[in-house]
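# What the coordinates show
Listed below, chain by chain, are the residues.
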Amino acid sequence: MNRLPPESLDRLADAISFHPDTEPGRLFRQALGRFATGVTVVTVAGPKCPVGMTVNSFTSVSLDPALVLWCPARSSSRHDIFAEAKAWSIHVLGAEQLDICLRFTRGGPQFEGLDLGVTALGTPLIPGVAARFDCHAHAVHEGGDHSVLVGRVAQVTVGGPDDHPLVFAAGRFGAFEPGEG
């Protein structure tokens, strides 16, 4: 007995399967793009100046203790600064903050012209975000071509109730605005 709705059956009929080691990386990236994520900027007090990076590989790990993780690419010129830091802050961007997101991508202007603050942990603070998690570095794990950085959350700051997150899926940015329900 098949309990899937008819539209699910149609979708499965068009599905493809592949092993990620034998197909081009593009197919794997496209498959990952089917999972929508929020968009964050992680900041750290670098050895010479503040450093930031746009990241969508952010997730919670544990509620007790409060742990989160994110995964910078090992090939990034900023990787070692974050991997060796004692503290960093994860800024969850609001739907209207695509400009902030793009500042912290490769080659972006980073903090240039921003009204920057500093958290109690000494990390750069981007004002006006939907939420911020200030973290002590807890662990660094190898994860293939990325590292898995786990942070113990020391402080959380949450924006107003009407803040909606910036979302990334299928190579595009957008907004998710929850309906009533």
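First, a word on scope: everything that follows refers to the structure included in this document.

So, how was this worked out
Residues numbered from 1 in each chain as written. Predicted model: local features only at pLDDT ≥ 70, side-chain atom pairs only at ≥ 80, totals over all residues. Heavy atoms only, no water. Core = buried A, V, L, I, M, F, W, Y, C linked by side-chain atoms within 4.5 Å. Buried < 20%, exposed > 50% of the residue type's maximum accessible area, 1.4 Å probe, protein only. Helix = DSSP H or I, 4+ residues; strand = E, 2+ residues; numbered from the N terminus. Contact = heavy atoms within 4.5 Å. Phe/Tyr/Trp six-rings, centres within 6.5 Å; stacked < 30°, edge-to-face > 60°. Pairing = 2+ DSSP bridges. Axes fitted to C-alpha atoms, helices over the stretch in contact; angles between N-to-C directions.

Another point: the nonpolar core. Core analysis: the largest hydrophobic core is formed by 18 residues, its most contacted members being Val-42, Trp-70, Phe-82, Trp-88, Ile-90 and Phe-133. Taken together, the elements giving at least two residues each to this core come down to strand S2 (40–45), strand S3 (50–55), strand S5 (67–70), strand S6 (87–92), strand S9 (131–143) and strand S10 (146–158). The contact partners of Phe-133, leaving out residues within four places of it in the chain, are Phe-58, Trp-88, Ser-89, Ile-90, Val-92, Val-153, Gln-155 and Val-156. The next biggest cluster of nonpolar side chains, apart from the first, holds ten residues, and it includes Val-41, Leu-93, Ile-100 and Cys-101.

Looking now at the packing of aromatic side chains. Under the criterion given, the structure shown has five aromatic pairs. Judged by centre distance (5.8 Å) and plane angle (80°), the ring pair of Trp-70 and Trp-88 falls under edge-to-face. With Trp-70 in strand S5 and Trp-88 in strand S6, this pair connects stretches of sequence that are 18 residues apart. By relative accessible area, Trp-70 is classed as buried at 0%. Overall, Trp-88 belongs to the buried group, its relative accessible area being 1%. Plain terms: the ring middles of Phe-104 and Phe-111 are 4.9 Å apart, the flat faces sit at 70° to each other, and that makes the pair edge-to-face.

Looking now at the sheet that holds strand S12 (residues 172–175). Strand order in the open sheet formed by three strands is S1-S11-S12, with antiparallel pairing between adjacent strands. One side of each edge strand has no neighbouring strand; the edge strands of this open sheet are strand S1 (37–38) and S12.

The antiparallel open sheet is built from seven strands, whose spatial order is S3-S2-S6-S9-S10-S5-S4. Looking along the sheet, the strands with just one partner apiece sit at the ends: S3 and strand S4 (58–62). Here the strands of the sheet are splayed against their neighbours by 35° on average, with no regard to which way each runs. The sheet contact formed by S6 and S9 spans six bridges and is antiparallel. Following the sheet pairing, Ser-89 is matched in S9 by Asp-134.

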